[in-house]
Amino acid sequence: MKVKNPKFVISAVSEKQYPESDLLEVAFAGRSNVGKSSLLNSLVGRKNLAYKGNTQGKTRQINFYNIDDEIHFVDLPGYGYAAVSKGEKNLWAKVVEGYLNVRPQLYLVIMLVDIRHKPSKDDIQMYTWIKKCGVNHIIAVTKSDKIGKTQVPAQIKMIRETLEAGPEVDIIPVSSLNKKGVDKLWEAIDSYIVEDDEETEGDKE
């Protein structure tokens, strides 16, 4: 997909602040240092549409971006930052889990995991929530330029096993630095849009 006019919409911390819209939503979830902002910018072809917070791990804001009036990208707050208090973690969980459970426009979650490392306990918890809410999802393994090509299959296998992701779940290696995998991720996103449209048409018949 060639993005022409992506726009920031709003930062929300509660359901009442979510934008009123019928656009389908693609949510991005991952650790605070996994490269979410960089991947979002790579997908829309912009350098600074999404930006990294000044205080890493402290935000509870969900950022909404309008992608050419066709879909919304939703940047969920990052997790796993060691300096965050237990209370802050609980507030983060309330914001994120609340969004996953109440937002009817949500049709796809992209879970980001650093390809170099075994998924953390926080990653496993996040993925458990995603599976529990029953939404379509893709796993994007970031920073694939940081390891050799021959290492990629083994790392993907390890990540799939650790998260207990089924064989039907796409795991796509991506790099915001050299843009490898970005087109493939877009193809996967588009395929879910088509599936959703077909299901909607089927419901009308």
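Position labels on residues start from 1 in each chain and follow its written sequence. Selection of residues for local features in this predicted model requires a pLDDT of at least 70, selection of side-chain atom pairs for listing and counting requires 80 or more, and totals for whole chains, interfaces and linings are taken over all residues. The basis for every side-chain value is the complete set of non-hydrogen atoms in the structure, without hydrogens or water.

1. A short note on the pairing of strand β3 (residues 62–67)
Just so we agree on the cut-off: Only protein chains enter the accessibility calculation, which uses a 1.4 Å probe. A residue is then buried if its area is under 20% of the maximum for its type, exposed if over 50%, and partly exposed in between. Secondary structure is summarised from DSSP: a helix means a run of H or I of at least four residues, a strand means a run of E of at least two, and numbering begins at the N terminus for each. Strands qualify as paired when DSSP identifies two bridges or more between them.
Counting buried positions along β3 gives six out of six residues, so the element sits mostly inside the fold. Going residue by residue along β3, you find Ile62, Phe64 and Asn66 tucked away on one face and Asn63, Tyr65 and Ile67 tucked away on the opposite face as well. Here strand β1 (residues 6–12) pairs with β3 via six bridges, running antiparallel. Within β3, the residue paired with Phe8 across the bridge is Tyr65. The pairing of β3 with strand β4 (residues 71–75) spans five bridges and is antiparallel. Across the sheet, Phe64 pairs through a bridge with Val74, a residue of β4.

2. What about the pattern of salt bridges?
Test applied: Only one rule defines a salt bridge in this text: a Lys or Arg side-chain nitrogen within 4 Å of an Asp or Glu carboxyl oxygen.
Overall, the coordinates contain six salt bridges when judged by the stated rule. Among the salt bridges present, the one from Lys36 reaches Asp75, with a minimum N-O distance of 2.5 Å. Of this pair, Lys36 sits in helix α1 (residues 36–44) while Asp75 sits in strand β4, and the two are 39 residues apart along the sequence. Across the pair Asp145 and Lys146 runs a salt bridge whose closest N-O atoms are separated by 3.8 Å.

3. Description of the nonpolar core
For clarity, the threshold we go by: For our purposes a nonpolar core is just a set of buried Ala, Val, Leu, Ile, Met, Phe, Trp, Tyr and Cys residues, chained together by side-chain atoms within 4.5 Å. We call two residues in contact when some of their heavy atoms are within 4.5 Å.
Leu76, Tyr99, Leu100, Met126 and Ile139 are the most contacted members of the largest nonpolar core, which has 35 residues in total. Elements that contribute at least two residues to this core include exactly β2 (24–30), β3, α2 (86–102), β5 (106–114), α3 (121–133), β6 (136–142) and α4 (152–163). No other element matches the six residues that α2 contributes to this core. Beyond its immediate stretch of four places on either side in the chain, Ile139 contacts Met111, Val113, Tyr127, Leu163, Ala165, Val169, Asp170, Ile171 and Ile172. Residues Val44, Leu108, Ile172 and Val182 belong to the second largest nonpolar core, which totals 29 residues.

4. Re the environment of Leu185
Within the secondary structure, Leu185 is located in helix α5 (residues 182–204). Each C-alpha atom of the pair Leu185 and Asp170 lies 9.4 Å from the other, and the pair is 15 residues apart in sequence. Setting aside its immediate chain neighbours within four residues, Leu185 contacts Leu39, Leu43, Ile110, Ile138, Ala140, Ile172 and Val174.

5. A few points about unusual backbone geometry
Notably, Asp68 is not glycine yet its phi reads approximately 55°, a positive angle. Mapping Asp68 onto the fold places it in the loop between β3 and β4. Unusually for a residue other than glycine, Glu164 sits at a positive phi of about 60°. Looking at the element boundaries, Glu164 is found in the loop between α4 and β7 (171–173).

6. Describing the packing of aromatic side chains
In plain terms, the rule: Ring pairs shown here join Phe, Tyr and Trp side chains whose ring centres sit within 6.5 Å, with only the six-membered ring taken for Trp; geometry is labelled stacked below 30 degrees between planes, edge-to-face above 60, and tilted in between.
Overall, the coordinates contain eight aromatic pairs when judged by the stated rule. Where Tyr18 meets Phe64, the ring centres are 5.6 Å apart and the plane angle is 50°; that geometry is what we call tilted. Linking Tyr18 in the loop between β1 and β2 with Phe64 in strand β3, this pair joins segments that are 46 residues apart in sequence. Like Tyr18, the residue Phe64 is buried in the burial classification. Chaining the aromatic ring pairs together yields one cluster made of Tyr18, Phe64 and Tyr99.

It is worth stressing that arrangement in space is one thing and function is another; only the former is reported here.
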